[in-house]
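Architecture and fold: a report
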Amino acid sequence: MGGMTHPLVEEAAKKAAVAWVSVGGGPAYAVWCLPQDGRLHVVVGPGEQELPGLAEAATATVTLRGDHGGAVVTYPAQVQRIEPGGELWDAVAVTLAGKRLNSPGTAEALAERWGRECALVALTPAGEPVPAGDESGRAEPRPSAATNATRKPFRLHRVRRR
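These notes cover the structure that comes with them. By convention here, each chain's residues receive numbers from 1 onward along its written sequence. It should be noted that, the model being predicted, local features are given only for residues of pLDDT at least 70 and side-chain atom pairs only at 80 or more, the latter also being counted only at that level, while totals for whole chains, interfaces and linings use all residues. Working from all heavy atoms in the structure, the side-chain values ignore hydrogens and water.

Moving on, we get to the pairing of strand 2 (residues 29–32). In the sheet, strand 1 (residues 18–22) pairs with strand 2 via four bridges, with the strands oriented antiparallel. Its bridge partner being in strand 2, V18 is matched across the sheet by W32. As consecutive antiparallel partners, strand 1 and strand 2 are separated by six residues, and within that stretch G24 has a phi angle of approximately 60 degrees, a positive value. Pairing between two strands is assigned when DSSP locates at least 2 bridges connecting them. A helix here means a DSSP run of H or I that spans at least four residues, while a strand means a run of E at least two residues long, and both kinds are numbered starting from the N terminus.

Between 30 and 60 degrees the pair is tilted, below 30 it is stacked and above 60 it is edge-to-face, where a pair is any two Phe, Tyr or Trp rings, Trp via its six-membered ring, whose centres lie within 6.5 Å. Taken as a whole and judged by the stated rule, the model has one aromatic pair. Their ring planes at 45 degrees and their centres at 6.4 Å tell us that W32 and W114 sit as a pair that is tilted. Placement of W32 in strand 2 and of W114 in helix 3 (residues 107–117) is noted, with a sequence separation of 82 residues between them.

Let's shift gears to the packing of helix 2 (residues 87–99) against helix 3. Here helix 2 crosses helix 3 at 120 degrees, and the two axes come no closer than 8 Å. As helix 2 packs across helix 3, the resulting crossing turns out to be right-handed. Within the contact between the two elements, helix 2 uses W89, A93, V94, L96, A97 and G98 and helix 3 uses A107, E108, L110, A111, W114 and G115. Of the residues assigned to the contact of helix 2 with helix 3, the class counts are nine nonpolar, two polar and one charged. The axes used here are C-alpha line fits, helices contributing only the stretch in contact, and every angle between their N-to-C directions lies in the interval 0 to 180 degrees. Working rule for handedness: look at the near helix, and if it is turned counterclockwise from the far one by less than a right angle, call the crossing left-handed; if clockwise, right-handed. What makes two residues a contact is simply this: any of their non-hydrogen atoms within 4.5 Å. When residues are grouped by polarity, Ala, Val, Leu, Ile, Met, Phe, Trp, Tyr, Cys and Pro land in nonpolar, Asp, Glu, Lys and Arg in charged, and all others, Gly among them, in polar.

What follows is the structure in structure tokens.
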């Protein structure tokens, strides 16, 4: 497998704990990841992070942030699904499971569950970084069941109108 080729991608990936990944030109999703051997490794599936279409995709677009939180580089990536039981699985899955915050049980048990229920993928850089445009990258939040309805603020006294 080829490693990181562009110096900016390589440097940003070394410190990456979170990446924004977009599949097929769709919206980018923030996912936690593990940089290892020139690739970013991501787990998606039930009980883990959701990123529709990543497990079946051949390519994706990855955006990495800098030390101050802003996007530093966006690049195309080749997606490779890592199958359980293989040499690459053994080298990545338990290490990635050990980095998973708030996971129940041991890293070995978590990696075993991932092998049954989830998809572990490697994102390998596949080209030069995308030039930064003039747009801010800002987008409206996607609809979510996790939002709360806002109520009018409580007022203790009457508000006079002019």
